[in-house]
Amino acid sequence: MSLTGKTALITGSTSGIGLAYARALAGEGVNIVINGFGDADAIETERKALEATSGAKALYSGHDLTKADQIEAMMAEAASAFGGIDILINNAGMQHVAPVEEFPVDKWNLILALNLTAAFHTTRLAVPYMKEKKWGRIIQTASAHSLTASPFKSAYVTAKHGLAGLTKTVALELATFGVTANCISPGYVWTPLVENQIPDTMQARGLTREQVINDVLLAGQPTKQFVTPEQVAAIALFLCRDEAANITGANISVDGGWTA
Ligand code: NAD
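Everything quoted here is computed from the prediction, not taken from an experiment.

Colleague: Lay out unusual backbone geometry in plain terms, naming residues and giving numbers.
Modeller: Of note, Lys134 is a non-glycine position whose phi angle comes to about 55 degrees, a positive value. Note that Lys134 resides in the loop between α4 (105-133) and β5 (136-141). With a phi close to 75 degrees, Phe152 is a non-glycine residue in the positive phi region. Given a relative accessible area of 29%, Phe152 falls into the partly exposed group.

Structure below.
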């Protein structure tokens, strides 16, 4: 079955991995709702490019997903434009690196809200339509940190482990409705999220930029290569296909062997 005419909402898709998902799904003729922050002109250029690729519609939602009422507004806008969401990709995420005893409480709360609680809200709001249609795909960008930990990332590791648990629970609840729920767990992908944590890691560990890249980021990634956003998006595309209808509750690593 073709994906043409379906609608995908991808949180945090103005950049990085999220944008790669949007481009991959647009290539299949899917209506797209992109979300996230950034320069308004650049986002509008990207939105038009998605429509040119898909021949379908692309909508931009700039809602802040750390807030439940804004998530509700985004989901309502998407439902009024497209009827509902067939493919939900919970991808928006942020990171903060600090020792646990110094971890800023406001950063803890934000990371839990964006990386975990937002996925609960989008899921609870998307599921009734998917159940009614007897078809749906829920895909989380989790992380190798949904399976294993690293020091100084207490909030992120906690949120990503929680996201893996949410996904398995939702997979079981929806198993007879034609709706699958899965995590994709990348290792280090070269995106702004990774680039932006280099200065904090340099400070937290007293290292140079090169040492952070080679000895911290790629230290545990046996291939010694960053994953690309396109490699992650290709897995999501596969999970949307009928061939993947029996993959549910899974956590698929794309981490160069990190968690092997
Ligand atoms: P990125 O910083 O390039 O993209 C993050 C996106 O989230 C952006 O579109 C940003 O505008 C959006 N965003 C940030 N705060 C938001 C908010 N409050 N409300 C709505 N949108 C918001 O990051 P990325 O590397 O592409 O990360 C995407 C996902 O992949 C995250 O969940 C991240 O944890 C996960 N991940 C990334 C890596 C990596 O190495 N880059 C590895 C594993 C998992």
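Colleague: Let's hear about the packing of aromatic side chains: which residues, and what values?
Modeller: In this structure the tally under the stated criterion is two aromatic pairs. Centroid distance Tyr188 to Trp258: 5.3 Å. Interplanar angle 10 degrees. Geometry classified as stacked. A residue pair is termed long-range when its members are at least 10 positions apart, and Tyr188 in the loop between β6 (179-186) and α6 (192-205) and Trp258 in the segment after β7 (251-254) qualify at 70 residues. The burial state of Tyr188 is the same as that of Trp258; both residues are buried.

Colleague: Give a detailed account of the side chain of His145, specifying residues and quantitative values.
Modeller: Among the structural elements, His145 can be located in the loop between β5 and α5 (154-174). In this structure His145 comes out as buried when scored by relative accessible area, which is 3%. For His145, the contacting residues outside a window of four places in its chain are Ser150, Lys153, Tyr156, Val157, Lys160, His161, Tyr188 and Trp258.

Colleague: Give me the lowdown on the site of the ligand, citing residues and values where you can.
Modeller: What surrounds the ligand is a group of 30 residues, the closest being Ser15, Asn91, Tyr156, Val189 and Thr191. Within the contact set of the ligand, an oxygen atom lies 2.5 Å away from a side-chain nitrogen or oxygen of Tyr156. With respect to the ligand, the backbone of Gly187 contributes an N or O atom lying 3.5 Å from an oxygen atom. Here the ligand loses 92% of its free accessible area of 840 Å² to cover by the protein chains. At the level of secondary structure, the elements contributing two or more residues to the shell around the ligand comprise α1 (16-26), α5 and α6. The leading source of residues in the shell around the ligand is α6, at three residues. Across the shell around the ligand, the residue classes break down as 13 nonpolar, 15 polar and two charged. In terms of domain composition, the shell around the ligand takes at least three residues from each of domain 1 (7-189 + 227-254) and domain 2 (190-225).

Colleague: For the sheet that holds strand β2 (residues 31-35), give the residues involved together with the corresponding values.
Modeller: Here we have seven strands laid out as an open sheet, ordered β3-β2-β1-β4-β5-β6-β7, and parallel in their pairing. The outermost strands of the open sheet, each flanked by one partner alone, are β3 (58-61) and β7. The average angle at which neighbouring strand axes cross in this sheet is 15 degrees, direction not considered. Of the pairings in the sheet, the one linking β2 to β3 comprises four bridges and is parallel in character. Bridge pairing links Asn35 to Ser61 in β3. Along the sheet, helix α3 (residues 68-82) contacts β1 (7-10), β2 and β3; its crossing angle with β3, the most-contacted strand, is approximately 160 degrees.

Analysis parameters
Counting restarts for each chain: residues are numbered from 1 in the order of the written sequence. Totals for whole chains, interfaces and linings use every residue, but because this is a predicted model, local features are given only for residues with pLDDT of at least 70 and side-chain atom pairs only at 80 or more, for both listing and counting. In computing side-chain values, all of the structure's heavy atoms are included and hydrogens and water are not. Secondary structure is summarised from DSSP: a helix means a run of H or I of at least four residues, a strand means a run of E of at least two, and numbering begins at the N terminus for each. Burial classification: accessible surface area is computed with a 1.4 Å probe over protein chains only, and a residue below 20% of its type maximum counts as buried, one above 50% as exposed, and the rest as partly exposed. Aromatic rings from Phe, Tyr and Trp, taking only the six-membered ring of Trp, are treated as a pair when their centres fall within 6.5 Å; an angle between ring planes under 30 degrees marks them as stacked, one over 60 as edge-to-face, and anything in between as tilted. The contact definition used throughout considers only heavy atoms, calling two residues in contact when any of these lie within 4.5 Å. The near set for a molecule or strand comprises every residue that places at least one heavy atom within 4 Å of it. As used in this structure description, the phrase polar contact means that two N or O atoms lie within 3.5 Å; if the pair is within protein, one of them must be able to donate a hydrogen and the other to accept it, and residues adjacent in sequence are counted only when both atoms belong to side chains. For every accessible area listed, the method is Shrake-Rupley and the probe measures 1.4 Å; residues are considered covered only by the protein chains on display. Each residue is assigned to one of three groups, with Ala, Val, Leu, Ile, Met, Phe, Trp, Tyr, Cys and Pro labelled nonpolar, Asp, Glu, Lys and Arg labelled charged, and all others, Gly among them, labelled polar. Domain extents, as shown, originate in an automatic or database domain assignment. Strands are labelled as partners when DSSP assigns at least two bridges between them. The axes used here are C-alpha line fits, helices contributing only the stretch in contact, and every angle between their N-to-C directions lies in the interval 0 to 180 degrees.

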